[in-house]
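# Architecture at a glance
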Amino acid sequence: MLDVDGVDVKLSNPDKIYFPELGEDGGRKGDLVDYYRTMATTGPILDAIGGRPTFLQRFPDGVTGDEIYQKHLTKYHPDHVESTRIVFPSKRTGQAFCPRIPADVVWAANLGTVTFHTWPTADPDNDHPDQLRIDLDPTENRTFDDVRALAADHVRPLLEELGYTGFVKTSGSRGVHVFVPIRPEWDFIATRRAVIALGRELERRTPDLVTTSWWKEERGDRIFIDYNQNARDRSMAAPYSARKSPNARVSTPLTWDELTDVDPNTLTIATVPGLVERRGDPWADIADHAAGLEPLLEMVHRDDATGLGDLPYPPSYPKMPGEPKRVQPSRNTDLKR
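Rules and cut-offs
Residues numbered from 1 in each chain as written. Predicted model: local features only at pLDDT ≥ 70, side-chain atom pairs only at ≥ 80, totals over all residues. Heavy atoms only, no water. Axes fitted to C-alpha atoms, helices over the stretch in contact; angles between N-to-C directions. Helix = DSSP H or I, 4+ residues; strand = E, 2+ residues; numbered from the N terminus. Parallel < 35°, antiparallel > 145°, perpendicular 65-115°, else oblique. Left-handed = near helix turned anticlockwise from the far one by under 90°. Contact = heavy atoms within 4.5 Å. Nonpolar A, V, L, I, M, F, W, Y, C, P; charged D, E, K, R; others polar. Phe/Tyr/Trp six-rings, centres within 6.5 Å; stacked < 30°, edge-to-face > 60°. Lys NZ or Arg CZ within 6 Å of the ring centre and 35° of its normal. Pairing = 2+ DSSP bridges. Expected span 1.5 Å × (residues − 1). Buried < 20%, exposed > 50% of the residue type's maximum accessible area, 1.4 Å probe, protein only. Arc of directions from axis to C-beta.

### A short note on the packing of helix 4 (residues 144-162) against helix 5 (residues 188-205)
- Contact pair helix 4 / helix 5: the axes reach a minimum separation of 11 Å and the direction vectors enclose 120°. The pairing of helix 4 with helix 5 is recorded here as oblique in orientation. Once helix 4 is placed against helix 5, the crossing between them reads as right-handed. The residues of helix 5 that touch helix 4, namely those facing His154, Val155, Leu158, Leu159, Glu161 and Leu162, are Leu198, Glu201, Leu202 and Arg205.
- Taken together, the residues of the contact of helix 4 with helix 5 break down into 6 nonpolar, 1 polar and 3 charged.

Structure, rendered in structure tokens:
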């Protein structure tokens, strides 16, 4: 039993290897649980996921084993673990894990949770996001240097031009995530369209670098702005979450200055706690920068007026109002007439 801020949490199979590249030298389940125990009791990860619907990406046999992507809180759980009601695109409802205290995070880690994926909402209002999430997704021929340059040289200045503050983190792979705090006054349809408008403006300014095309056949070597990460029920790796990687990389919040020369491969469950201890959490005041959606909605209206309406949703979603035909261009018979 582990004492987690005064609450007992069971730890099972601590010596099981979760990250094969590290092996017994930092790659055990016990090392992952220790990481989450540290980050939860000192605050940063609970600041990021506390009170939010949180899905669990679990690897009970390590990252080379089978994956369980858990959206619903298990029926049997400790009394201290809470849930929050969510509504899926199908209109079905569910109860998602909603961490409140450090013991909740450690309990989930003991289930084999490697990555915590959060909604951009806060309980109890899970219909109105309080964050825009800009996912810069590189193609195989783009490097992390390309993505970091896009974030720093184009995404950040455009956000500031519109009156927004962007908070940047590594994805835990080759991508970069920028979260933008907003007031929770608009629904998922509006926030998703807002990110589409932002992506289209980036596309206009850097047409050889950025694309908002949902269809891979149209992207070429451009970096994709994955606007659908802002659709209802889509979640992103939370700040300070470990990722499915051989060396236990972490999706790590950074200052914009740090983004300039950071090597994401060095940000792991072994190194991130020390980094936070030395310089604090650069996302600590994210909620203080919440802004309105009006500037981006004006861009949405401008795009609509020029014939640039909505873009496709993921294939699992019901057909949405105003959505174009959901078929890849090479198979779209309407375009061939």
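Structure's up, so let's keep going.
### Structural notes on the packing of aromatic side chains
- Under the definition given, this model contains 12 aromatic pairs.
- Every member of this aromatic cluster is reached through a ring pair, and the members are Phe55, Tyr69, Trp119 and Phe188.
- For the cation-ring pair, Arg192 lies above Tyr313, with the distance from its terminal atom to the ring centre recorded as 3.5 Å.
- Over the ring of Phe224 we find Arg219; its NZ or CZ atom is 3.7 Å from the centre of that ring.

### Observations regarding the pairing of strand 5 (residues 83-87)
- Of the strand pairs in this sheet, strand 5 and strand 6 (residues 93-97) are connected by 5 bridges, and their pairing is antiparallel. Looking across to strand 6, one finds that Ser83 is bridged to Phe97.

### Observations concerning helix 1 (residues 29-41)
- The first and last C-alpha atoms of helix 1 sit 18 Å apart over 13 residues, in line with the 18 Å expected at 1.5 Å per residue.
- For helix 1, the complete set of buried residues consists of Lys29, Gly30, Asp31, Leu32, Val33, Tyr35, Tyr36, Met39 and Ala40.
- Buried positions along helix 1 lie against strand 1 (2-4), helix 2 (44-49), helix 3 (102-110), strand 7 (113-118) and helix 7 (272-279).
- Taken from the residues just after helix 1, Gly43 is the one with a positive phi, measuring 115°.

### Details of the sheet that holds strand 8 (residues 131-137)
- Read across the sheet, 6 strands follow the order 11-12-8-10-9-14 without closing on themselves; strand pairing throughout is mixed. A strand with exactly one partner marks an edge of an open sheet, and here the two such strands are strand 11 (210-211) and strand 14 (253-254).
- Relative to strand 14, strand 9 (residues 167-170) is paired through 2 bridges, and the arrangement is antiparallel. Counterpart to Val168 in the pairing with strand 14 is Leu254.

### Digging into the side chain of Asp303
- Checked against the element boundaries, Asp303 lands in helix 8 (residues 294-305).
- On the basis of relative accessible area, Asp303 is assigned to the buried category, the value being 2%.
- Each residue touching Asp303, except ones within four places of it in the same chain, is listed here: Ala197, Arg200, Arg204 and Leu308.

### So, the pairing of strand 7
- Across the 6 residues that make up strand 7, a large majority, 6, are buried.
- Two elements, strand 7 and strand 13 (residues 236-237), share 2 bridges in a ladder whose sense is antiparallel. Bridging across to strand 13, His117 finds its partner in Ala237.

### Considering helix 7
- Of all the positions in helix 7, only Val272, Pro273, Leu275 and Val276 are classed as buried. End-on, the buried residues of helix 7 take up no more than an arc of 160°, which puts them together on one face. Among the exposed residues of helix 7, those pointing more than 90 degrees away from its buried face are Glu277 and Arg278.
- Next to the buried residues of helix 7 lie helix 1, helix 2 and helix 6 (256-259).
- In the stretch just after helix 7, Gly280 is the one whose phi turns positive, near 80°.

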